[in-house]
Amino acid sequence: YQVIDTLGFPVYSRDILVPQTKGYKTAQAFYYSTGTNSAIIPLSLTNLWNSFAADPGFRYGLQSTFKGDADLIAYDRESHIYKLKYVYIHRQQVIAQHIEK
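Criteria and thresholds
- Residues numbered from 1 in each chain as written.
- Predicted model: local features only at pLDDT ≥ 70, side-chain atom pairs only at ≥ 80, totals over all residues.
- Heavy atoms only, no water.
- Helix = DSSP H or I, 4+ residues; strand = E, 2+ residues; numbered from the N terminus.
- Buried < 20%, exposed > 50% of the residue type's maximum accessible area, 1.4 Å probe, protein only.
- Contact = heavy atoms within 4.5 Å.
- Polar contact = N/O pair within 3.5 Å; in protein donor to acceptor, adjacent residues only side chain to side chain.
- Pairing = 2+ DSSP bridges.
- Core = buried A, V, L, I, M, F, W, Y, C linked by side-chain atoms within 4.5 Å.
- Phe/Tyr/Trp six-rings, centres within 6.5 Å; stacked < 30°, edge-to-face > 60°.

Asker: Report on the environment of S44, specifying residues and quantitative values.
Answerer: Considering the arrangement of structural elements, one finds S44 in the loop between β4 (41-42) and α1 (45-51). With a relative accessible area of 11%, S44 lands in the buried category. Distance from S44 to Y31, taken between C-alpha atoms, is 8.2 Å for residues 13 residues apart in sequence. Discounting chain neighbours no more than four positions away, the residues touching S44 are D69 and L72. Within the structure, S44 has its side chain in polar contact with the backbone nitrogen of N47 (distance 3.0 Å).

Structure, rendered in structure tokens:
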């Protein structure tokens, strides 16, 4: 696995072989973990929903921002951040502001 982002929680990539009509081709697969000592899980909306069950704001942010699993790895070149991480960090900031009040 190659670590591609650590902001909030780690995201990884890995080259995998995908069968085609004639042989295989290499594709990139994405994974995450909820912490550095946690299991590495395939990156999907369902898996994120289950992993962050205690954070409904983040889960609803996922639901309203991403249409499918392939969208989860979208990168915002202007902000230099993965959109998934933006949704997560934004939610953490909202929680912190709520606690301060």
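Past the structure itself, the notes keep going.
Asker: Talk me through the sheet that holds β4; I want residue IDs and the actual numbers.
Answerer: Paired through backbone hydrogen bonds, the strands of a sheet run either parallel or antiparallel to each other. Read across the open sheet, the four strands follow the order β1-β2-β3-β4; overall the sheet is antiparallel. Strands at the two margins of the open sheet, each flanked by one partner only, are β1 (2-5) and β4. Here strand β3 (residues 24-32) pairs with β4 via two bridges, running antiparallel. If you follow Y32 over to β4, its bridge partner there is I41.

Asker: Run through the nonpolar core, naming residues and quoting values.
Answerer: The nonpolar side chains of soluble globular proteins are, as a tendency, buried together. By size, the foremost hydrophobic cluster in this structure holds 14 residues, and its most contacted members are F9, L48, F58, L62, L72 and L84. Looking at this core element by element, the count peaks at three residues for helix α3 (residues 83-100). In this view, L72 contacts L43, S44, L45, L48, L62, F66 and L84; residues no more than four positions away in its chain are not counted.

Asker: Which residues make up the packing of aromatic side chains, and what values do they have?
Answerer: In this structure the tally under the stated criterion is 11 aromatic pairs. The interplanar angle of 85° and the centroid separation of 5.1 Å between the aromatic rings of Y1 and Y31 together place this pair among those described as edge-to-face. You can see Y1 sitting in the segment before β1 and its partner Y31 sitting in strand β3, a full 30 residues away along the chain. According to the relative accessible area criterion, Y31 is buried, its value standing at 12%. Centre to centre, the rings of F9 and Y88 are 5.0 Å apart; their planes meet at 90°, and the pair counts as edge-to-face. With F9 in the loop between β1 and β2 (11-19) and Y88 in helix α3, this pair connects stretches of sequence that are 79 residues apart. The pair formed by F9 and Y88 is uniform in burial state, with each residue classed as buried. Counting every residue linked through ring pairs, the aromatic cluster contains F9, Y32, F52, F58 and Y88.

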